[in-house]
Amino acid sequence: MKISYNWLSEYLMEIPEPEKLSSILTSVGLEVESLEKFEEVKGGFEGLVIGEVTECIKHPEADKLSITKVNIGTKELQIVCGAPNVAIGQKVVVATVGTTIHPLIGEAVTMKKAKIRGQESYGMICAEDEIGMGESHEGIIILPKDVKTGSKASAYFTPYSDWIFQLGITPNRMDAMSHLGIARDVCAYLSHHNKKSTAIKSPFKNNFKVDDQKLSIEVIIENQESCQRYSGVSISNIKVAESPKWLQQKLKSIGLCPVNNIVDITNYLLHETGQPLHAFDADEIKERKVIVKNLPEGTSFVTLDEKERKVNAEDLMICNGKEEPMCFGGVFGGINSGVKDTTTNVFLESAWFEQKSIRKTSLRHNLRTDASSRFEKGVDIINTVNVLKRAAMLIKEIAGGKISSKVVDVYPNPKEKTEVVLKNHYLKKISGKNYHPDIIKQILQTLDFEVLKEGLDDIRVAVPFSKPDINFPADIIEEIMRIDGYDNVEIPSVITITPSTETTGYESAYKEKIANFLIGLGFTEILTNSLTNSGYYNEHILNNSVKLFNSISTELDIMRPSLLETGLECILHNNNHKNNNLLLFEFGKTYSTSAIGNYTEAEHLCLFASGNKNEQGWRDKESRADFYFIKGVCKRLFRLSGVEDVNFKVSNDITNAFINNELVAQISFVDSNKLEQFSIKEPVFFADINWEKLTALTKKIKIEFAPISKYPEVHRDISMILNKNIAYENVERLTKGLNISKLVNINLFDIFESEKLGMDKRSLAITFTFSDREKTLTDKEIDAMINTIIVSYEKELGAEIRKAS
């Protein structure tokens, strides 16, 4: 959720600096994920100055260019200008040499001295779109004559700027989903830590007044479980128009697009108070009745996005007097009843809708709105009328008109506040800290808790409706501790630990060993989301995938059946940030199902390679990652795990790795269609290792230690010609099958292809390493072993031996 620093500051008596405020928010449990500067005009006109055109003549070599002299206060510049409206005496915006401008479209441009058709130019006279101020490129910006020459453009235009906090709000903190809610926590923190009372500057004024009752609208709630309170008021003779600048700037700063003054006011108050509002065109409310009810299954309803939807019998609908649908309650409005440019009378709705009902409707119709997200988490039922009155007065102030009805407030079953008793000794037991009763009382009161009774060892409080998640003493303790600060919890001098039996020691140590090995090779560990997008997969995979009934978004609607796609998302993110050389690995689980209730989880280790595998240096040239690189990493990983006998078999462009005839890993190029799906242009090489199988296999391996041989190893090479269709794995498997005990290693070091060898032939050069722990091998013994290998190659593979040495 985005919070504006300027906007938030309007409710604070004491205003911390943005960085300090960021620390405070994180301390009270509102994690600040980012703090970024917002500029209404990118760059804020930095470096631009006001100039006066003192001379303007046609360019001798170009009909559409002019050579101008521009006075910028400190000096006069010659600037070649292509605008058709440039003339002597104009006050203009000038970008001098060295100034960086931010066009509305495209990358930022830094001004340089230039020669245009033989004439030197020392800057640019700017049009609107060239400095991000507007869309016009018809000519340069011409300012009033009284603007001071040489003054800064930023001082004249005063562009709006702000600091924006991106907060990670947990689902239980509906009280913090507004600027006022955040301000309440900040004031509680400042009051406690600064030892002085700091209250919110309330935006609610007691100035609501009914002008007449010519537009009274009756409200009837039929479904009182899904709608427990509904408030409304009518405003007549309004004028729908563009919102004032201050309102547009506030909405833009948090990423909202202004629509018109009425809609913008409802959005403004949603983000100010957390209470969603909806504005109906009052003239479209037939029989001047609003009925909150459920409609028959399959009822047709056209929403604001001009799509026809079929109503579900469980959807809560806002209907007119003829029981025709006007709105999905708390979710999305209808096309006919919404505010239009011609609307003159509006009916404002401020209601409390039940969370489950709203969420089901939102997901059922794939309508995710700011309003529905608030109602899903819960809103303050006591606040509907206060926010409604504030909205009515803002509309009257900005759009004109009269308040033409009393506030209709249907609240059939008023809620009682939850009461909780907190005992001091329980607070000490849970928090590990002694809190003075006065501090407990002060913190809770600044958070809007009502103190009902104070005892010798306890305090009874009434929980505000804005905190529906608080039901137990432990919840109250959490409120106290987060305002006091978790960092302030005292560390005891003695800590007692109950010993436990380690059941996963081998698995954890083995995973850490392999992770450190990969990091040493230059890989970086990643951690991706277990939820992913079903759109990445074909129907065959989706048939066995684990789907979410109530997904948080349409892009996170299944448990991942593979780590490939979430890894590619990470690669795309890095590519978009100019980081193209990637070696990545991830330990993670995949999920599948054969029937509802029958689910399978499998842990995998996946490797990704893309771009260069090493950086260029003064000694080494950069080299590209390829299939053989990632296969080699897998072989070294298996060897490190104590597995020497790994068989690789190629099937459908995938290399499968078998250990004891059990499939353990798959290595492949990522298919071009899959890369195109993610808009990745670089080749990606991928290895998927079944971590559970590999761990189980390595756990059975008995570790044996032997002294290093005292006797030298002997190396011999064989060069031979084979058919191209004979893979090296076949050569290696045949060699190991000879069971030559003194042969300790075999390594392919060269492949050569040439027309002289034949179109279907290639030459392989292999090194053999022999060793004996008891003595030094003689040439006769080595020659005998080499001859055994050569005979086997000639007989089994049809090899032509070129050289043996």
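Residues numbered from 1 in each chain as written. Predicted model: local features only at pLDDT ≥ 70, side-chain atom pairs only at ≥ 80, totals over all residues. Heavy atoms only, no water.

**Student:** Go over the side chain of Ser4 with me, naming the residues and quoting the values.
**Tutor:** In this fold, Ser4 is placed in strand S1 (residues 2-4). Relative accessible area serves as the criterion here: at 0%, Ser4 is assigned to the buried category. Among the polar contacts made by the side chain of Ser4, one reaches the main-chain amide nitrogen of Trp7 at a distance of 3.1 Å. Sequence-distant contacts of Ser4, defined by excluding residues within four places in its chain, comprise Tyr160, Asp162, Trp163, Ile164, His179, Ser253 and Ile254. (Helix = DSSP H or I, 4+ residues; strand = E, 2+ residues; numbered from the N terminus. Buried < 20%, exposed > 50% of the residue type's maximum accessible area, 1.4 Å probe, protein only. Polar contact = N/O pair within 3.5 Å; in protein donor to acceptor, adjacent residues only side chain to side chain. Contact = heavy atoms within 4.5 Å.)

**Student:** So what about empty space enclosed by the protein? Which residues, and what values?
**Tutor:** Summed over the entire model, instances satisfying the criterion amount to one cavity of 30 Å³ or more. Reported here for the largest cavity is a volume of approximately 30 Å³. Asn172, Arg173, Asp469, Ile470, Asp475, Glu478 and Glu479 together form the lining of the largest cavity. Classifying every residue of the lining of the largest cavity by side-chain character gives one nonpolar, one polar and five charged. (1 Å grid on protein atoms, 1.4 Å probe; cavity = no way out; pocket = protein on both sides within 12 Å on 5 of 7 lines; lining within 4 Å. Points joined across faces, edges and corners; volume = space filled by probe spheres on them. Nonpolar A, V, L, I, M, F, W, Y, C, P; charged D, E, K, R; others polar.)

**Student:** Lay out the packing of helix H6 (residues 261-273) against helix H9 (residues 384-399) in plain terms, naming residues and giving numbers.
**Tutor:** Closest axis-to-axis distance for the H6/H9 pair is 10 Å, and the angle between their directions is 145°. Between H6 and H9 lies a crossing whose hand is right-handed. Along its contact with H6, which presents Asn261, Ile262, Ile265, Tyr268, Leu269, Glu272 and Thr273, the element H9 presents Val387, Arg390, Ala391, Leu394, Ile395, Ile398 and Ala399. Class assignment for the residues of the contact of H6 with H9 results in ten nonpolar, two polar and two charged. (Axes fitted to C-alpha atoms, helices over the stretch in contact; angles between N-to-C directions. Left-handed = near helix turned anticlockwise from the far one by under 90°.)

**Student:** Hey, could you go over the sheet that holds strand S28 (residues 458-462) for me, with residue numbers and the actual values?
**Tutor:** Two pairing modes exist for strands in a sheet, parallel and antiparallel, and in both the strands are linked by backbone hydrogen bonds. The antiparallel open sheet is built from three strands, whose spatial order is S26-S28-S27. Looking at which strands have only one partner, the edges of the open sheet turn out to be strand S26 (419-423) and strand S27 (450-454). Taken pair by pair, the neighbouring strands of this sheet meet at an average axis angle of 25°, ignoring direction. Here S26 runs beside S28; their pairing, made up of five bridges, is antiparallel. Across the sheet, Leu422 pairs through a bridge with Ile459, a residue of S28. Across the sheet, helix H12 (residues 473-484) is in contact with S26 and S28; its angle to S26 comes to roughly 70°. (Pairing = 2+ DSSP bridges.)

**Student:** Go over the packing of aromatic side chains with me, naming the residues and quoting the values.
**Tutor:** Applying the stated criterion across every chain, the model contains 20 aromatic pairs. Centroid distance Trp7 to Tyr268: 5.0 Å. Interplanar angle 5°. Geometry classified as stacked. Placement of the pair is Trp7 in helix H1 (residues 5-9) and Tyr268 in helix H6, with a sequence separation of 261 residues. Residue Trp7 shares its accessibility class with Tyr268, and that shared class is buried. Relative to Phe686, the ring of Phe608 lies with its centre 5.1 Å away and its plane at 40°, an arrangement referred to as tilted. In this pair, Phe608 is assigned in strand S34 (residues 598-610) and Phe686 in strand S40 (residues 684-690), connecting sequence segments 78 residues apart. (Phe/Tyr/Trp six-rings, centres within 6.5 Å; stacked < 30°, edge-to-face > 60°.)

**Student:** For the pattern of salt bridges, give the residues involved together with the corresponding values.
**Tutor:** For the structure shown, the criterion picks out 40 salt bridges. A salt bridge links Asp305 to Arg309; its shortest N-O distance comes to 3.1 Å. Judged by relative accessible area, Asp305 falls into the partly exposed class, the value being 30%. Each of Arg173, Asp175, Asp185, Lys467, Glu479 and Arg482 takes part in a single network of salt bridges with overlapping partners. (Salt bridge = Lys/Arg side-chain N within 4 Å of Asp/Glu carboxyl O.)

**Student:** Which residues make up the environment of Glu713, and what values do they have?
**Tutor:** In this structure, Glu713 sits in the loop between helix H18 (691-700) and strand S41 (714-723). Between the alpha carbons of Glu713 and Ile740 there is a distance of 15 Å; along the sequence they are 27 residues apart. Those residues in contact with Glu713 that sit more than four places away from it in its chain are Val744, Thr769, Phe770 and Ser771.

**Student:** Describe unusual backbone geometry, and please don't skip the residues or the numbers.
**Tutor:** If you check the backbone angles, Arg288 has positive phi at about 50° while not being a glycine. Here Arg288 lies in the loop between strand S16 (277-281) and strand S17 (289-294). With a relative accessible area of 39%, Arg288 lands in the partly exposed category. Even without being glycine, Glu323 reaches a positive phi, approximately 60°. Locating Glu323 in the fold gives a position in the loop between strand S20 (316-319) and strand S21 (325-328). On the accessibility criterion, Glu323 (39% relative accessible area) is partly exposed.

**Student:** Talk me through H18; I want residue IDs and the actual numbers.
**Tutor:** For H18, the complete set of buried residues consists of Trp691, Leu694, Thr695, Leu697 and Thr698. In a view along the axis of H18, the buried residues occupy a sector of 165°, so they form one face of it. (Arc of directions from axis to C-beta.)

**Student:** Hey, could you go over the layout of surface pockets for me, with residue numbers and the actual values?
**Tutor:** Its boundaries defined by the atoms lining it, the largest pocket holds a volume of some 1,300 Å³. Elements supplying a minimum of two residues to the lining of the largest pocket: helix H16 (627-640), strand S37 (647-651), strand S38 (654-659), strand S39 (662-669), helix H19 (728-737), strand S42 (743-752) and strand S43 (761-770). Of all the elements, H16 adds the most residues to the lining of the largest pocket, at eight residues. Within the lining of the largest pocket, the residues separate by chemical class into 19 nonpolar, seven polar and eleven charged. Put simply, the second largest pocket is a space of about 850 Å³. As for the second largest pocket, its lining consists of 34 residues, of which Ser562, Leu564, Gln666, Phe686 and Asp688 are closest to the centre. Looking at the lining of the second largest pocket, the elements with two or more residues in it are helix H15 (564-576), strand S33 (582-595), S34, S39 and S40.

Nothing here speaks to function; it is all geometry.
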